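Results of the structural survey
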Amino acid sequence: MIRIITIVFLFVGISTQAQEIKWMSMNEALAAQKEEPKKIFMDAYTVWCGPCKMLDKNTFTNGDVIEFLNENYYPVKFNAEGPEEIDFKGQVFTNPQYDPDKTGRNSSHQLARALKITGYPSLVFFDEEANLLAPIPGYRTPQQLELYLKLFAEDEYKKMTSKEAFSEYQENFKGSFK
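Now for a look at the structure at hand.

1. Observations concerning helix H6 (residues 142–153)
Its 12 residues place the ends of H6 16 Å apart at the C-alpha level, agreeing with the 16 Å of an ideal helix rising 1.5 Å per residue. Just beyond H6, the residue with positive phi is aspartate 155, at close to 60 degrees.

Here's what the structure looks like:
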C-alpha cells in the first residue's frame, strides 16, 4: 500500500513538474542556442508591473502555452530593470544605475533599451541565431499569445511583407489553445 502511494506521488510530482515553463536566463539561452539552435522567447518584465504578474498567473500557467514554449523556444525571463549582466552579440549589457534598495521602478537595463522595449510586459522573439525578430508589447491571453508563438516558431513571419499580409494572417489564424 505504501509503495502504491509513493508511486502515485511520484507521478503527480512528475506531471506537475512537466507543467511549468522551463525559464532560463538570456545567457543560458544563448549558450543553449550554440549547442542546439532554437528560437528564443523572452518575457521582459518588471517587478512592479501588474500586467506582468497577470501574464505569469493567467498565461504562463496555461498547459498549451507551457507545452508549446518548452518545445519550440528557449524561454527567457528577463527583469528589464534588474542588475543581470548579459553577454549578447559580443557586447556586455548591464544596468549601471540599478538601485537594489528601490522597491518600485528602477532604471532600465541596457539590453532593454537596445531592444527598444518601451512597455511592460514585452514579449520578445529572437531567431535561432539570436537576431531580434520582434518585441510585442502588452499583456496577452493564451489565445492571443498563440498567434505570435506560432507565427515565429513556424517561420510564417518570413511571408509577411506588409501590414495587410499580417492582418490577413491574423484573420485566417485558427488557434487551438484552450
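2. Examining the sheet that holds strand S2 (residues 73–79)
Sheets are built from strands that pair by backbone hydrogen bonding, the pairs being arranged parallel or antiparallel. Taken in spatial order, the four strands line up as S2-S1-S5-S6 in an open sheet, and their pairing is mixed. The outermost strands of the open sheet, each flanked by one partner alone, are S2 and strand S6 (132–137). Sheet twist, expressed as the average angle between the axes of neighbouring strands with direction ignored, equals 20 degrees. Two strands pair when backbone bridges link them, and strand S1 (residues 39–45) and S2 are joined in this way by seven bridges, in the parallel orientation.

3. Here we look at the pattern of salt bridges
Counted by the stated rule, this structure contains seven salt bridges. With its nearest N and O atoms 2.8 Å apart, the salt bridge here joins aspartate 155 to lysine 39. Here the residue aspartate 155 occupies a position in the loop between H6 and helix H7 (163–172), and lysine 39 occupies one in strand S1, the gap between them amounting to 116 residues. On the accessibility criterion, aspartate 155 (27% relative accessible area) is partly exposed. For lysine 77, the salt bridge identified is with aspartate 43, shortest N-O distance 2.5 Å. Taken as a pair, lysine 77 in strand S2 and aspartate 43 in strand S1 lie far apart in primary sequence, 34 residues in all. Bridged by salt links that share partners, the residues Lys39, Glu128, Asp155 and Lys158 form one connected network.

The rules behind these values
- Residues numbered from 1 in each chain as written.
- Predicted model: local features only at pLDDT ≥ 70, side-chain atom pairs only at ≥ 80, totals over all residues.
- Heavy atoms only, no water.
- Helix = DSSP H or I, 4+ residues; strand = E, 2+ residues; numbered from the N terminus.
- Expected span 1.5 Å × (residues − 1).
- Pairing = 2+ DSSP bridges.
- Axes fitted to C-alpha atoms, helices over the stretch in contact; angles between N-to-C directions.
- Salt bridge = Lys/Arg side-chain N within 4 Å of Asp/Glu carboxyl O.
- Buried < 20%, exposed > 50% of the residue type's maximum accessible area, 1.4 Å probe, protein only.

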